[in-house]
Amino acid sequence: MDITALNSTKALRKHVLVWMCLFFGSVSLFFSALNVFSGVYLLGFLELCFSIYCLYTIHHLSKHALRFWQSVVMCVLVCIIVLYANYISEPKYGLFVWSFALPVLCYLLMGKRYGIFFSGTVLFIQSLILLSKSSPDPIVNLNMAINLLLAYVSIWTVSHIFEGSRALSSKRLKNLALLDPLTGAGNRLSMNHYFEVELVDKTNTYLFLLDLDYFKQINDKFGHDVGDKVLTEIATLLRITLAKGYVFRVGGEEFAVIHSFNSKDEALFAAEKLRETVEKTPFNIEGHAIKLTISIGVADYQANSSLESIFIAADKQLYKAKRLGRNKVYASSKEQLKQIEVPA
Ligand SMILES: Nc1nc2c(ncn2[C@@H]2O[C@H](COP(=O)(O)OP(=O)(O)OP(=O)(O)O)[C@@H](O)[C@H]2O)c(=O)[nH]1
């Protein structure tokens, strides 16, 4: 499964940006010509630059992934053009109507946090611009200001609610696909994605493959529910003990941790310390103080090795640790580490 399919937010923003560029680029080109012929040179020039930028963005997006700054630049430019056009024209021409589109665009392109900031700023500046316009009839001015404010705030509110719930569903969907529902650790899919895509510099990367020893006995003695809670607590303990590592559940009672260390010795000490921590930690679940141990196989990244090959190497060491008595750490091309002294 391709994990990029789960990143609906990026896909949506890219689509919106392309269509925005097409639409606003063409509209801007038209108005640019109109303004230049009418003698409004600065606005005409701004609009022409904006059209060229839109063209460039469409070309760039057809070949590359969307970058967040592109969304920000587009929103800033559209906001500046709309506000400037409002500033230099009379309200009777109705240019302020364009400002109603801004909250929708800002939320769609940049999300809630930036959306709230941009929408608030536009409202503030737009209000100042409209208040600065003198009209012979103050009642008309007031009516217009109130209507503008109410319409703008209602569009802003709807955009905020829509983007909030869209982002939440997208996050939930991603979590459903990538996280183990029991322990909250990543699953195999997210491990692959992390290793292949997110982990840019793989040198000094180590994979710990951990398996709980005699876990069946815990299930048999205390029940499956207690067993589930033990798995959850183990995942939490792994996350806390190896804070900078990424924890994945790769089998029933099997976890993998991907972590980078400065040296092989450092990695081995960390694995040994982890084994010792689990051995010494009693898990208090439903009134039972459960003690258990883990076996760990360690493998490191070699130039151009795939995740699969590291995994197989770690699995071999784990198998050795199990075969030779459990509650042990073994590493590829290293001797058993039980004797290594762990610094306090
Ligand atoms: N509670 C619970 N148990 C699980 C889960 N997934 C797998 N198991 C149990 O984990 C146990 C694994 O048993 P075995 O493969 O015999 O391994 P073990 O008892 O840990 O023994 P060794 O690995 O050889 O030390 C089985 O009893 C499975 O039912 C789960 O999600 N929850």
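Just so you know, these numbers come straight off a predicted model, no measurement behind them. (Residues numbered from 1 in each chain as written. Predicted model: local features only at pLDDT ≥ 70, side-chain atom pairs only at ≥ 80, totals over all residues.)

Caption draft 1: Fine view of the overall build of the protein chain. The number of helices and strands found in the protein chain is 10 helices and 7 strands. The C-alpha atoms of the protein chain give 29 Å as radius of gyration, which overshoots the globular expectation for 344 residues (20 Å, by more than 25%). With the C-alpha coordinates of the protein chain rotated into their principal frame, the extents come out at 90 × 45 × 35 Å. In the protein chain, which comprises 344 residues, the share counted as buried stands at 31%. Taking as baseline every contact in the protein chain between residues at least 6 positions apart, the subset at least 24 positions apart corresponds to 68%. (Helix = DSSP H or I, 4+ residues; strand = E, 2+ residues; numbered from the N terminus. Rg over C-alpha atoms; globule rule 2.2 N^0.38 Å. Buried ≥ 20, exposed ≤ 12 C-beta atoms within 10 Å, placed from the backbone. Contact = placed C-beta atoms within 7 Å.)

Caption draft 2: Representation of the UniProt feature "transmembrane region" (unreviewed entry) in the protein chain in the model. The sites that carry the UniProt feature "transmembrane region" (unreviewed entry) are, in the present numbering, residues 16–34, 40–56, 68–87, 93–110, 115–132 and 144–162. Secondary structure within residues 40–56 divides into 94% helix and 0% strand; the distance between the first and last C-alpha atoms comes to 25 Å. (UniProt positions renumbered as here; feature names shortened; annotations may be inferred.)

Caption draft 3: Geometry of the domain arrangement of the protein chain. Considered domain by domain, the protein chain is made up of domain 1 (3–178) and domain 2 (188–331). For domain 1 versus domain 2, the separation of C-alpha centres amounts to 48 Å. (Domains from an automatic or database assignment.)

Caption draft 4: Region of the structure containing the nonpolar core. The biggest cluster of nonpolar side chains holds 42 residues, and the ones touching the most others in it are L207, F208, I296 and V298. If one sorts the elements of this core by residue count, helix α10 (residues 307–323) sits on top with 7 residues. Excluding residues that lie within four positions of it along the chain, L207 makes contacts with A256, I258, A299, I310, F311 and A314. Counting residues in hydrophobic clusters, the runner-up holds 25 residues, among them L17, L83, L105 and L108. (Core = buried A, V, L, I, M, F, W, Y, C linked by C-beta atoms within 7 Å.)

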